[in-house]
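Examination of the molecular architecture
These are the residues of each chain, in order.
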Amino acid sequence: MSRPDFSLNLLPNFPIAQKQPHKLTTHSKARTDNYYWMRDDERQNEDVLAHLQAENTYCDEQLVAMKPLQNTLFEELKARIVKDDNTVPVKDGKYWYHSEVRGDDEYSRHYRSTSMSADDKQLLLDVNEIADGYEFFELGEVALSSCEQLMAYSEDTEGRRIYTVHFKNIETGKMLSDVLENTEGQIVWANDNKTVFYVKKDLQTLLGYQVFRHELGSKQSQDVMVYEEQDSSFFMGLGKSRDESLIIIDLASTETNDTWVLDANNPNGEFKALMPREEGHEFDVDKLGDTFYIVTNWHAKNFRLMTATTETISDKTQWLEHTPHRRNVLLEGVELFNNFLVLSEREQGQARFVVVNQQNKRMALEFVDPCYYAAIAMNPEPDAQTARIYYSSLTTPGSLYDVDLTTGVKTLLKQQKVLGSFCADDYQSERLMVIARDGIKVPVSVVYRKDSFKKEGTNPLFQYGYGAYGYTIDPSFSSTSLSLLDRGFVYVIAHVRGSEMLGREWYEQGKKEFKQNSFNDFIDVTKALIEQGYCDSNKVFASGGSAGGLLMGAVVNQAPQLYCGVGCHVPFLDVLTTMLDESIPLTTNEYDEWGNPNEPQFYDVIEAYSPYDNISAQAYPNILVTTGLHDSQVQYWEPMKWVAKMRELKTDSNILVFKTDMDAGHGGASGRFKSLEEKALEMAFFIALLN
């Protein structure tokens, strides 16, 4: 697509990267990577930092004319946010817990009180105070001891998702001397109120692979390693059973799970495998009282719910079926209560909940929007007779309900307040099914402003996608998207294969050797929306981040003519080189997602779509690329290399700008207002392209 009359004239002095040919050979196949030198694990190479700064300067200069629009959008986004806000208190043990934000604070303050009214609230943690002085700050996990008088919290001050754990005595308000470094961020207390367990990270691969036991008052160097995972394809997490009787090590690769447990009353004991590890067996297990509940794919592609006892849990042939497998229903999880179970299910792309009482009587909780997002919220008390559920749709702001588990009656506790002139009745959402090139129907969520939309092919369109890891992007409310909708944009989520929107098969048909389906789906959705009059073919914009950035990279290689502008954020673009390097964080964990290119079959599969390897001499859309220097998920050099090669080969005069946040990681800027600047940048880029 030729560049429209863009108020920002393309500057000729874009950064030109040095070319230093580096030969890579695998399976007797040779590639030459001219920009391999851009990788610097230490983030200290002067040439690399200078080039990133040059790209930042060029980006600022190129987009300077749209700065007033970006500022206007930022103020719009900020003005919709309630400055003084709080969460609904939730009861956990003797106390009710909630958080508050005030004024221009970037972060929350955490409190507890003896009643839901919070009249006697006690400050536990002021995140603004502990974040002061850091360009980036992320609070990880806050965990209280069983006696509720000791608190542990984790923090990341670089954006690398490497957390430091601190401890506080709530009664005295004093910080303890204990500090745990290089952790995954999770802290689990044993029931003795003095022992904690945490996961330590490999600082090269950033994988959590060792579990340590720490006793308060001792040095970290004295901590005891109680478990080490030898298989680097597994992620590791820590938790506690619903009845708090077990400390749980969760191990998960893309296609296999494993669980080890320890009696929480005996922290000096040994972790034991709950059942034998079995390749291809995916499950999630919890325990309440004498019963284990297992959501498992054993003889059940879309999962089923089984139960077991301490005596039978290790032998799945002795498990009892509670909820059978259904071909058209995905069982996503279960929340355990003493007198009820709440099943989270998905059918035809829509989430739903089913309450099951002790007599196995089932009651479905219904919602009315054409497409929506719903999830189980915090329910720490298993004896509760109500369940907290979060609900949102493309036109309904986030809403928290208490649901009576006997009657199903929903009581609204709080709905996100959107300041300004927002009225939900001004907007319309739709759920479409678009037929892809292979005849498969792809779900599409659409929202637009009623008074500015005409199905006549005149509106601009913003299309978002992800499509990986089985992660489903549900259609939920976003106050930021109002700035596009109110300017006539149609907002679209393409639920491409690679998610679990339509069940486990939908995921499996969008990974490994079937990954091309994700790209085809996204492109075919765009074409269908153009044909059906949802947008002007010259005003189509697309965006994605991380694995969604891979989606963008592949789409602009394969169908660049469809898009006027593309946003590509913390993007996974150099797939082949990354997946061949086990020293890079996450590589070994993701062989079952993308395929292992050390095997010739998957080398060829990945090489065929890898965005960096498939840049060609053709015209590309206007592109905005963003990343964080300290990104731990997708390393900064992937988009850096991609932009350099794109500048070398593309034949158009369209805009290509690359912005690196020198302080941030994979999640972008921290803080509730600072992060809006990134959203305003992309929206301004797209809106300006319409001029």
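Here's what I pulled together on the structure shown here. This structure is a prediction, so every number in the text was calculated from the model and none was measured. Counting from 1, residues in each chain are numbered in the order their sequence is written. Per-residue local features of the predicted model are confined to residues with pLDDT of at least 70, and side-chain atom pairs are confined, for both listing and counting, to 80 or more; whole-chain, interface and lining totals are unaffected and use all residues. Hydrogens and water molecules were not included; the side-chain quantities draw on all heavy atoms of the structure.

Brief notes about the sheet that holds strand β24 (residues 329-336)
As a reminder, the rule being used: We treat two strands as partners when DSSP finds at least two bridges between them. Strands are runs of DSSP state E lasting at least two residues, helices are runs of H or I lasting at least four, and both sets are numbered from the N terminus onward. Only the stretch in contact is used when fitting a helix axis, every axis being a line fitted to C-alpha atoms; angles between N-to-C directions are given from 0 to 180 degrees.
Taken together, four strands build an open sheet; the order of strands is β24-β25-β26-β27 and the sheet is antiparallel. Each edge of the open sheet carries a strand with a single partner, namely β24 and β27 (362-365). Each neighbouring strand pair of the sheet contributes to a mean axis angle of 25°, computed without reference to strand direction. In terms of strand pairing, β24 meets strand β25 (residues 340-347) through seven bridges, oriented antiparallel. Considered in β25, the bridge of Leu 331 is made with Glu 345.

Overview of the packing of helix α6 (residues 516-531) against helix α7 (residues 547-558)
Under the convention used in this document: Our angle categories are set so that under 35 degrees counts as roughly parallel, over 145 as roughly antiparallel, 65 to 115 as roughly perpendicular, and the remainder as oblique. A crossing counts as left-handed when the near helix is turned anticlockwise from the far one by less than a right angle, and as right-handed when that turn is clockwise. Whether two residues are in contact is decided by their heavy atoms, any of which lying within 4.5 Å being enough. In this count, Pro and Cys sit with the nonpolar residues alongside Ala, Val, Leu, Ile, Met, Phe, Trp and Tyr, while Asp, Glu, Lys and Arg are called charged and the others, Gly among them, polar.
The contact between α6 and α7 brings their axes to 10 Å, and the two run at 70°. With respect to each other, α6 and α7 are oriented roughly perpendicular. Crossing hand, α6 versus α7: right-handed. Residues Gln 516, Ser 518, Phe 519, Asn 520, Phe 522 and Ile 523 of α6 pack against Leu 550, Leu 551, Met 552, Ala 554, Val 555 and Gln 558 of α7. Tallied by class, residues from the contact of α6 with α7 come to eight nonpolar, four polar and no charged.

A word on the nonpolar core
We count it as follows: Here, nonpolar core refers to any group of buried Ala, Val, Leu, Ile, Met, Phe, Trp, Tyr and Cys residues whose side-chain atoms link them within 4.5 Å. A 1.4 Å probe rolled over the protein chains alone gives each residue an accessible area, and that area as a share of the maximum for its type sets the label: buried under 20%, exposed over 50%, partly exposed in between.
The biggest cluster of nonpolar side chains holds 111 residues, and the ones touching the most others in it are Phe 522, Tyr 563, Trp 594, Trp 642 and Phe 685. It is helix α12 (residues 676-688) that contributes the most residues to this core, nine residues altogether. Contact partners of Trp 594, with chain neighbours within four places excluded, come to Ala 468, Tyr 469, Lys 512, Lys 515, Ala 547, Leu 550, Phe 572, Met 579, Phe 602, Ile 606 and Tyr 609. Core analysis: the second largest hydrophobic core is formed by 16 residues, Phe 340, Phe 353, Val 355 and Tyr 391 among them.

So, the packing of helix α1 (residues 46-62) against helix α11 (residues 637-649)
Between α1 and α11, the least distance of the axes is 12 Å, while the angle of their chain directions is 65°. Helix-helix and strand crossings are classified by hand; for α1 and α11 the assignment is left-handed. Along the contact surface, α1 presents Val 48, His 51, Leu 52, Glu 55 and Tyr 58, while α11 presents Met 640, Val 643 and Arg 647.

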